[in-house]
Amino acid sequence: MHEIRIDMRPSDWQRLKDRFLDNTYYAADMHWRFNGKYIDVQQVGLRSRGVGSRSPTKPGLRVDFDRYNPGQTFLKLKSFILRNNSQDPSMLHERVSFQLMRQLGILAPRAAHTRLYVNDEY
């Protein structure tokens, strides 16, 4: 399973949760664990996201790699979404649907589960 660690100012993390309906970006550093090693991406933009799934206790997050460093990418991506799956307790609906779409020859987004830590808190 993937592991992503986000490091940001604790006051910014609290502000993001307090103002979870806003689209305000906050600076953070991201660390992705792959094959036992961490790949670091400095100064990413992080914001709350979603429509009906926005939550102050388990925010859905958008990670923008080029928000503060134009042209910065991660695995050729400019951004990705860390979904909170607050509307899908099984955490499988999208992943199964995307797999079915691919089997039918329909393009579908990639999906993977991850352990997420923000400031070393799971």
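Higher on the page you've got the structure.
The shown structure was predicted, so the numbers you read here are calculated from the model rather than taken from an experiment.

Asks: Whenever I open this one, the overall build of the chain confuses me. Can you help?
Replies: Of regular secondary structure, the chain possesses two helices and six strands. Secondary structure elements of the chain, listed N to C terminal, follow the sequence β-α-β-β-β-β-α-β. The C-alpha atoms of the chain give 15 Å as radius of gyration, which agrees with the globular expectation for 122 residues (14 Å, within 12%). Once the C-alpha set of the chain is aligned to its principal axes, its extents read approximately 45 × 30 × 25 Å. Burial statistics for the chain: of 122 residues in total, 34% are counted as buried. Looking at the chain alone, contacts between residues at least 24 apart form 50% of all its contacts between residues at least 6 apart. Carbon together with sulfur atoms contributes 52% to the accessible area of the chain, which is approximately 8100 Å² in total. Charge separation in the chain, taken as the distance between the mean sites of 20 positive and 13 negative side-chain charges, equals 6 Å.

Asks: Help me understand the packing of aromatic side chains in this model?
Replies: Both the distance between ring centres and the angle between the ring planes are used here to describe each pair of aromatic rings. Within the structure shown, the criterion is met by five aromatic pairs. Here the aromatic rings of Phe65 and Phe80 are separated by 5.5 Å at their centres, their planes lie at 50°, and the arrangement is tilted. With Phe65 in the loop between β4 (60–64) and β5 (79–82) and Phe80 in strand β5, the pair connects residues that are 15 residues apart, well separated along the chain. Of the two residues, Phe65 and Phe80, neither departs from the other in class, the shared state being buried. The rings of Trp32, Phe34, Phe65, Phe74 and Phe80 are connected pair by pair, giving a single aromatic cluster. When the ring centre of Tyr117 is taken as reference, the NZ or CZ atom of Arg5 above it lies at 3.9 Å.

Asks: Would you mind showing me how to read the sheet that holds strand β1 (residues 2–7) here?
Replies: One key point about sheets: their strands pair by backbone hydrogen bonds, in either a parallel or an antiparallel sense. Pairing is mixed in the open sheet, where six strands are placed in the order β5-β4-β3-β2-β1-β6. Among the strands making up the open sheet, the edge pair consists of β5 and β6 (114–118). Ignoring strand direction, the axes of neighbouring strands in this sheet form an average angle of 30°.

How each quantity is defined
- Residues numbered from 1 in each chain as written.
- Predicted model: local features only at pLDDT ≥ 70, side-chain atom pairs only at ≥ 80, totals over all residues.
- Heavy atoms only, no water.
- Helix = DSSP H or I, 4+ residues; strand = E, 2+ residues; numbered from the N terminus.
- Rg over C-alpha atoms; globule rule 2.2 N^0.38 Å.
- Buried < 20%, exposed > 50% of the residue type's maximum accessible area, 1.4 Å probe, protein only.
- Contact = heavy atoms within 4.5 Å.
- Areas by Shrake-Rupley, 256 points an atom, 1.4 Å probe, with all protein chains shown as cover.
- Lys, Arg positive; Asp, Glu negative; His and termini not counted.
- Charge placed at Lys NZ, Arg CZ, Asp CG, Glu CD.
- Phe/Tyr/Trp six-rings, centres within 6.5 Å; stacked < 30°, edge-to-face > 60°.
- Lys NZ or Arg CZ within 6 Å of the ring centre and 35° of its normal.
- Pairing = 2+ DSSP bridges.
- Axes fitted to C-alpha atoms, helices over the stretch in contact; angles between N-to-C directions.

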